[in-house]
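Below, each chain spelled out in residue letters.
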Amino acid sequence: MYSAKDSNVFDGDIFLGDLPPEQKPNLAIFLSGTGSNAEKMLEDAALRNSVNVVVLVTDAPEKSRAQEIAAQHDLPVVALSIREFYRQHGLNTISLATEAGRLVREEWTDTLRKMLENYQIDFAVLAGFEPLSNITRDYPCLNVHPGDLTKLDSSGNRCYVGLHSRPVEKAILSGEKSLRSSVIIARPFTDASKDMDNGLLLGISQPMAIDFGGLELEDLKNIYAARQGKKPAGGWQDELEKLALRSQNALKICGDHQILPKVVCDFARRCFAVKGSQLYYRANPDAEFAPSDAREYPQ
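Below: a short report on this structure. Model, not experiment: these values are computed from the prediction.

Here we look at the pattern of salt bridges
Reasoning step 1: Inspection of every chain in the model, using the stated rule, returns 16 salt bridges.
Reasoning step 2: We note a salt bridge from Arg65 to Glu39, for which the minimum N-O separation is 3.1 Å. In this pair, Arg65 is assigned in the loop between β3 (52-58) and α3 (66-72) and Glu39 in helix α1 (residues 36-42), connecting sequence segments 26 residues apart.
Reasoning step 3: Exposure remark for Glu39: the relative accessible area of 17% places this residue in the buried category.

Written out as structure tokens, the structure is:
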């Protein structure tokens, strides 16, 4: 498990603190699909001045744009199809719901880990990377999430967690009028339902108003209540799901693309630290750390 401490500066963990201050960290970007978040990072001059992007990683070489994006930026690609890996191990789904599925996931992660050994990665960004993987034990892995993870329920749990458009649906059904993107340090997982979106929260985007397109909250709640059984393979295809998907796509532009390069840049410059469960922040590497809530980044 990664750890870094510089007791001469701060009595707590400074991420990437073991690197010399003048050395730029090596960054790996993980993606599964269109790679728009990866593109925004690679196009960001401040980010490229703060890190060495050393490799793109994909679990879905058959559908992702990893090779195309890598060619545009003269980067290597490490590809390991998780779907094909599961098939080779006799499983038709890539679920973590069974013990066999979890064992194959760890074997897939170990194989990927070996493929990445020579890149000397200091931290990673999960930029639309779909499979849960305990590569998060090896180095900090920042993950962008389509939900405001500062919102807590009465038990202190984060409200808007989950995969795909589920966090957006939860926010809509809870009566939220706006959405935010969040960036966390992804935790190693033992129970996907509990661990997935509960990592240290570093930053949130500005709020984006939800365009309901004339739909009323009560009607949306009725649509949700009318759903039966498990989600179909093609999705629910109801007005609630369509609204959530439209909103998530808009949030990617107004939230993810705005916040992710800024948080990654601050992380690379060693501006974040943690002591216990308390986040600390400094505006630049020469400043002193101060206790901080998740940073709210401008557009």
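Quick word on the nonpolar core
Soluble globular proteins tend to bury their nonpolar side chains together.
Reasoning step 1: Of all hydrophobic cores here, the largest spans 37 residues; its most connected members are Ile29, Phe123, Val125, Leu142, Val264, Phe267 and Phe272.
Reasoning step 2: Element by element, the count of residues in this core is highest for helix α9 (residues 239-268), at six residues.
Reasoning step 3: Residues in contact with Ile29, not counting those within four places in the same chain, are Ala38, Met41, Leu42, Val53, Val55, Leu56, Val57, Val125 and Ala127.
Reasoning step 4: Core analysis: the next-biggest nonpolar cluster, separate from the first, contains 24 residues, Phe30, Val55, Leu116 and Ala124 among them.

A look at the packing of aromatic side chains
Reasoning step 1: A full pass over the atoms with the stated rule returns five aromatic pairs.
Reasoning step 2: Seen from their ring centres, Phe30 and Phe129 are 5.1 Å apart, and the 75 degrees between their planes marks the pair as edge-to-face. Taken together, the residues Phe30 in strand β2 (residues 26-31) and Phe129 in the loop between β5 (123-126) and β6 (141-145) connect sequence positions 99 residues apart. For the pair Phe30 and Phe129, a shared accessibility class is recorded, and that class is buried.
Reasoning step 3: Aromatic side chains Trp108 and Phe129 sit 6.4 Å apart centroid to centroid with 20 degrees between the ring planes, which places their arrangement in the stacked category.

Considering unusual backbone geometry
Reasoning step 1: For Asp74, which is not glycine, the phi torsion reads 55 degrees and is therefore positive.
Reasoning step 2: Within the element layout of this structure, Asp74 appears in the loop between α3 and β4 (77-79).
Reasoning step 3: Residue Asp74 is classed as exposed on the basis of its relative accessible area, which comes to 72%.

Describing the sheet that holds β5
Strands belonging to one sheet form pairs held by backbone hydrogen bonds; the direction of such a pair is parallel or antiparallel.
Reasoning step 1: The strand order across the open sheet formed by eight strands is β4-β3-β2-β5-β6-β8-β9-β14, and the pairing between neighbours is mixed. Each edge of the open sheet is held by one strand with a lone partner, namely β4 and β14 (295-296).
Reasoning step 2: As judged from the six bridges shared by β2 and β3, these two strands associate in the parallel manner. The residue bridging Leu31 from the neighbouring strand is Thr58, located in β3.

Basis of the calculations
- Residues numbered from 1 in each chain as written.
- Predicted model: local features only at pLDDT ≥ 70, side-chain atom pairs only at ≥ 80, totals over all residues.
- Heavy atoms only, no water.
- Salt bridge = Lys/Arg side-chain N within 4 Å of Asp/Glu carboxyl O.
- Helix = DSSP H or I, 4+ residues; strand = E, 2+ residues; numbered from the N terminus.
- Buried < 20%, exposed > 50% of the residue type's maximum accessible area, 1.4 Å probe, protein only.
- Core = buried A, V, L, I, M, F, W, Y, C linked by side-chain atoms within 4.5 Å.
- Contact = heavy atoms within 4.5 Å.
- Phe/Tyr/Trp six-rings, centres within 6.5 Å; stacked < 30°, edge-to-face > 60°.
- Pairing = 2+ DSSP bridges.

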